[in-house]
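Geometric and topological summary
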Amino acid sequence: MTPIVLTPSDRVLIIGATGFVGARLIPELVKKNIKLRLLVRDLAKVAPLIPKGSDIEVVQGDLVANTGLAESLRGIHTAYYLVHSMGGKTLFKNEEYANKDRMAAKTFMAAAESAGLERIIYLGGLGETGDNLSEHLRSRAEIAAILSSGTPKATILRAAIIIGARGASYEMLRYLVERLPIMITPKWVEMRIQPIAIRDVLEYLIGCLLNAETAGQEFDIGGPDIFTYVEMMQQYAEARGLAKRFIVRVPVLTPMLSAYWVDLVTPIPSGIAHPLIEGLRNEVVCKDSRIDQFVPITKTPFKDAVLTAFSEELDGPGITGF
Ligand SMILES: NC(=O)c1ccc[n+]([C@@H]2O[C@H](COP(=O)([O-])OP(=O)(O)OC[C@H]3O[C@@H](n4cnc5c(N)ncnc54)[C@H](OP(=O)(O)O)[C@@H]3O)[C@@H](O)[C@H]2O)c1
C-alpha cells in the first residue's frame, strides 16, 4: 500500500470543530502550519475559535441535514471526524442520538467517497469492542464501522474519559467531586477506567495525521493511570486538596435514577448524564499500547491533567456552558 502522506499544500477538514475536542485541535494544527477547513452548523460559534492570521476556511453545513458537505470536502486530503449528537436536555429528547449519529456518518461517507477523500481520523470510545455494550458505546462502535467501510483509509482512536475543561464526562466528574463530600453511587464505581488528558489526545490526533502508517489502523489511547471510578473520584479530590470523599454504593441505583440525580445536583442535563453513566458499566481500559510505536508521547499523569483542566475553567466550579 502506498502511504498517504500529507504535503504542505494539502488542506485538512475538521468536522465537529465547535466541540470540546475539535475546538482545541484547531490552534494546535495551526501551530504546525496545517491549512484547515471547518464544517460547522453555527458560524457564530466558530468565529472566536479562529486564530488571527491563520489559513482557515469555514463552510456552514449539517451532516444530518446533508448540507455543505460536498463544498467542505472539495480538494480535502484528510478529515477529522469529531462529531457527536449526544446532548439532549432530557432523557426523552436524547433517545434519538444514536439514529442521528448513524445518519450523519452515512451521509458523510457517501460525500467522502464522491469527493475522493484519502483519510479519515475518528475519535471514538474506549471499550467499544467488548461484550454487553451500553447504548452509547454501541453507537460509537457503529460509527467507527461506518467510517471504516469506504475507500478513504480510516484511523480509529478510542479513548475513555478525556480530562479537560468543558469535556462533558470530565465536567460530570468535577461537579460531583467538588460539590459532594458524600456521594451515593451505583455499583459500577468498581469498574476500571483509564482516563487521558486532552493534551495527550491532541498529540495522538496530530501524530496520526503526520504519520501515514497509521492510516487504516485502530488504536486504543489512554493515560498512564488506571483506576476504578471510585479511586478516580478520590484521586481528583486529592489533586484538588479536597477532603477524602465518602462514597456509599447503592446496588439498586439505575443509570436513569443516577442521571436524574446528576441533573439535580450539577448543571449536567440528564440527557448527557444518562448515556455517560450507562457507559460506565463497561470497563474502559486500553487493550494494548500499539499506538506507542507510531506516535510516542510523554503521557500526562491524571492529577496533572486535573489541575490543568481546573485552571482552565473560565468560571470556576459551579458554572459551565451546559
Ligand atoms: N469528551 C470526552 O470525554 C470523550 C471521550 C472519548 C471519546 N470522545 C469522542 O470524541 C469525539 C468528540 O467529542 P466531544 O467531546 O468533542 O463532543 P462535543 O463537544 O459534543 O462536540 C460534538 C461536535 O459535533 C458537532 N455536530 C453534532 N451534530 C452535527 C451535525 N449534524 N452536523 C455537523 N456537526 C455536528 C457539534 O456541533 P455544534 O457545536 O453545532 O453542536 C460539535 O462541534 C466524539 O466522537 C466522542 O465520542 C470524547
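Residues numbered from 1 in each chain as written. Predicted model: local features only at pLDDT ≥ 70, side-chain atom pairs only at ≥ 80, totals over all residues. Heavy atoms only, no water.

1. Concerning the packing of helix H7 (residues 168-179) against helix H10 (residues 255-265)
Following both chains from N to C, one finds H7 and H10 inclined at 65°, their axes separated by 11 Å at the closest point. Classed by the angle they form, the pair H7 and H10 counts as roughly perpendicular. Considering the relative orientation of H7 and H10, their crossing is left-handed. Contacts from Met172, Leu176 and Arg179 of H7 reach H10 at Trp261, Val262 and Val265. (Axes fitted to C-alpha atoms, helices over the stretch in contact; angles between N-to-C directions. Helix = DSSP H or I, 4+ residues; strand = E, 2+ residues; numbered from the N terminus. Parallel < 35°, antiparallel > 145°, perpendicular 65-115°, else oblique. Left-handed = near helix turned anticlockwise from the far one by under 90°. Contact = heavy atoms within 4.5 Å.)

2. Details of the packing of aromatic side chains
The geometry of two aromatic rings is summed up by the distance between their centres and the angle between their planes. In the structure shown here, the tally under the stated rule is five aromatic pairs. Ring centres of tyrosine 81 and tyrosine 122 lie 6.1 Å apart, and the angle between their planes is 55°; this geometry places the pair in the tilted category. Taken together, the residues tyrosine 81 in strand S4 (residues 76-81) and tyrosine 122 in strand S5 (residues 119-125) connect sequence positions 41 residues apart. When its relative accessible area of 0% is taken as the criterion, tyrosine 122 is described as buried. Grouped by ring-pair contacts, the aromatic residues Tyr81, Phe108 and Tyr122 constitute a single cluster. (Phe/Tyr/Trp six-rings, centres within 6.5 Å; stacked < 30°, edge-to-face > 60°. Buried < 20%, exposed > 50% of the residue type's maximum accessible area, 1.4 Å probe, protein only.)

3. With respect to unusual backbone geometry
Of note, asparagine 33 is a non-glycine position whose phi angle comes to about 60°, a positive value. Within the fold, asparagine 33 resides in the loop between helix H1 (20-31) and strand S2 (35-40). Using a relative accessible area of 66% as the deciding quantity, one classes asparagine 33 as exposed. Backbone geometry places arginine 166, a non-glycine residue, at a positive phi of 80°. With respect to the element layout, arginine 166 can be found in the loop between strand S7 (162-163) and H7.

4. Here's the deal with the site of the ligand
Neighbouring the ligand are 22 residues; Thr18, Arg41, Lys45, Leu123 and Arg140 lie closest to it. Threonine 18 is positioned with one of its side-chain polar atoms (N or O) 2.6 Å from an oxygen atom of the ligand. In the complex, the protein chains occlude 87% of the 910 Å² of accessible area that the ligand would expose alone. At three residues, the largest contribution of residues to the shell around the ligand is made by S5. A breakdown of the residues in the shell around the ligand according to their chemical character gives twelve nonpolar, six polar and four charged. (Near = heavy atom within 4 Å. Polar contact = N/O pair within 3.5 Å; in protein donor to acceptor, adjacent residues only side chain to side chain. Areas by Shrake-Rupley, 256 points an atom, 1.4 Å probe, with all protein chains shown as cover. Nonpolar A, V, L, I, M, F, W, Y, C, P; charged D, E, K, R; others polar.)

5. As for the sheet that holds S2
Reading across from one edge, S3-S2-S1-S4-S5-S6-S11 is the order of the seven strands in this open sheet, with parallel pairing throughout. Two strands bound the open sheet, and with one partner strand each, they are strand S3 (56-60) and strand S11 (218-220). Adjacent strand axes in the sheet meet at a mean angle of 20°, parallel and antiparallel pairs treated alike. Along the sheet, helix H5 (residues 97-115) makes contact with strand S1 (11-15), S4 and S5, crossing S4 at roughly 175°. Relative to S5, helix H8 (residues 198-210) is tilted by about 155°, and along the sheet it contacts S1, S4, S5 and strand S6 (153-159). (Pairing = 2+ DSSP bridges.)

6. What to know about the pairing of S1
Among the five residues in S1, five count as buried, and that is most of the element. Side chains Arg11, Leu13 and Ile15 project from S1 onto one buried face, and the interleaved Val12 and Ile14 project onto a second face that is buried too. Taken together, the five bridges between S1 and S2 define a ladder with parallel strand orientation. If you follow leucine 13 over to S2, its bridge partner there is arginine 37. The parallel pair S1 and S2, bridged by H1, forms a crossover whose chirality is right-handed. Sheet analysis places S1 next to S4, joined by five bridges and oriented parallel. What sits directly across from leucine 13, in S4, is alanine 79. (Right-handed = clockwise from strand over helix to strand, strands pointing away.)

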